[in-house]
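A look at the structure
Next come the chains, spelled out residue by residue.
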Amino acid sequence: MNAVLEYNDRGCMLFSADCPGAFARGRDRREAMAKLPGDVRSFCRWAGLPIPAPSLVKILEEVYQPELQVEDADGSVLFSSERAPLTPEEYAPLRALVLKSAQCLDQLYAAIPDPEAPLGPERATFYGRCPNTARAMFDHVNNCTGYYIAGLGAECDILPGCCATRLGALAAAEALPGFLDMPPHQAEDGELWTPRKLLRRFLWHDRIHARAMFRRGRANWGEQIPDPFGFAAQAS
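Every value quoted in this text rests on a predicted model; they were computed, and no experiment measured them.

1. A few points about the overall build of the protein
From N to C terminus, the protein includes five helices and eight strands. Reading the protein from its N end, one meets helices and strands in the order β-β-β-α-β-α-β-β-α-α-β-β-α. By the compact-globule yardstick of 18 Å for 236 residues, the protein fits well, its C-alpha radius of gyration being 17 Å. Taken over the C-alpha atoms alone, the protein extends approximately 45 × 40 × 35 Å along its principal axes. Relative to all contacts within the protein whose residues are 6 or more apart in sequence, the contacts with residues 24 or more apart total 62%. Carbon and sulfur atoms form 55% of the exposed surface of the protein, whose accessible area is close to 10800 Å².

Have a look at this one:
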């Protein structure tokens, strides 16, 4: 099971190199490595991909980020594999997963009885106050679509639904000259982006906030909260 590690002395983010969007957080690499196989299995069930056989986690790359708040999921790593061009045959299923993920987030958010109800304690993060209501989580993910697509030099409108916003974002990216073959593009803040990274970041960002919304929503309102991402079965 191949992975890419982004870390500092405060925490770790471990990303699957084989399943874009699957990840694990931990206080150290050992904790993150122990968690990653469960999220890979969960991701594959959701994506309709074959469940991988149990195997050891192999870290292919690691990036030390002393200036980033990795413990709050602040990261910028570009995998070496994400520098490669995309073929149309590779892009089509990844695009479909990115849209499915947005649809699942829309479904989950729509089922929250009180989107303004606090789902956790407030705390500060690198981007401001941590989203602690379903509405704040949803709006944060939706608004970040514009930031992500700007990483490739494109723009999109932020619409009320996550899937609608993402359709526009993908259309804007696809309109870029030579989109699938783009070399790394440096955003205004210095972060490097490629189409592969964009797709991975969409899937990961949906997943990290949808998981929090689902778990806290179930704690508040029980089984009436749907599980479109399949988080409840993640331990298996």
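The discussion continues.
2. Some words on the pattern of salt bridges
Across all of its chains, the model carries 14 salt bridges by this definition. A salt bridge links R200 to E82; the shortest N-O distance between them is 2.7 Å. Taken together, the residues R200 in helix α5 (residues 195–221) and E82 in the loop between β4 (58–64) and α2 (88–110) connect sequence positions 118 residues apart. Classification of R200 as buried rests on a relative accessible area of 3%. Between R218 and E223 there is a salt bridge, with its nearest N and O atoms 3.6 Å apart. Of the residues examined, R218 reaches a relative accessible area of 23% and is grouped as partly exposed. You can call E223 exposed: its relative accessible area is 67%. Each of the salt bridges in this network shares a partner with another, and the network as a whole consists of R27, E31 and K35.

3. Looking at the sheet that holds strand β3 (residues 23–26)
Strand order in the open sheet formed by four strands is β3-β2-β1-β4, with mixed pairing between adjacent strands. The open sheet is flanked by β3 and β4, the only strands paired with a single partner. In this sheet, neighbouring strand axes are inclined to one another by 20° on average, regardless of whether the strands run parallel or antiparallel. Packed on one face of the sheet, helix α1 (residues 29–47) meets β1 (2–8), β2 (11–16), β3 and β4 and runs near 150° to β3. Its contacts with the sheet put α5 on β2 and β3, and the angle it makes with β3 is roughly 55°.

4. Examining the environment of M13
Relative to the helices and strands, M13 resides in strand β2. For the pair M13 and I225, spaced 212 residues apart in the sequence, the C-alpha separation amounts to 28 Å. Setting aside its immediate chain neighbours within four residues, M13 contacts V4, L5, E6, F23, A24, R25, V70, A73 and W204.

5. Description of the packing of aromatic side chains
Enumeration according to the criterion identifies 14 aromatic pairs in this entry. Measuring from centroid to centroid gives 6.0 Å for Y147 and Y148, while their planes differ by 55°, and the two rings are tilted. Between Y147 and W193 the ring centres are 6.3 Å apart and the planes differ by 85°, which places this aromatic pair in the edge-to-face class. Here W193 lies in strand β8 (residues 192–193) and Y147 lies in helix α3 (residues 134–150), a separation of 46 residues in the sequence. By relative accessible area, Y147 is classed as partly exposed at 38%.

6. Considerations on the nonpolar core
Core analysis: the biggest nonpolar cluster contains 72 residues, and L36, F43, W46, L105, L198, W204 and M213 have the highest contact counts within it. Going through the elements one at a time, β1, β2, β3, α1, α2, α3, α4 (162–174) and α5 are the ones with two or more residues in this core. Among all residues touching W204, those that are not within four sequence positions of it are M13, F15, G21, F23, A73 and Y148.

The rules behind these values
Residues numbered from 1 in each chain as written. Predicted model: local features only at pLDDT ≥ 70, side-chain atom pairs only at ≥ 80, totals over all residues. Heavy atoms only, no water. Helix = DSSP H or I, 4+ residues; strand = E, 2+ residues; numbered from the N terminus. Rg over C-alpha atoms; globule rule 2.2 N^0.38 Å. Contact = heavy atoms within 4.5 Å. Areas by Shrake-Rupley, 256 points an atom, 1.4 Å probe, with all protein chains shown as cover. Salt bridge = Lys/Arg side-chain N within 4 Å of Asp/Glu carboxyl O. Buried < 20%, exposed > 50% of the residue type's maximum accessible area, 1.4 Å probe, protein only. Pairing = 2+ DSSP bridges. Axes fitted to C-alpha atoms, helices over the stretch in contact; angles between N-to-C directions. Phe/Tyr/Trp six-rings, centres within 6.5 Å; stacked < 30°, edge-to-face > 60°. Core = buried A, V, L, I, M, F, W, Y, C linked by side-chain atoms within 4.5 Å.

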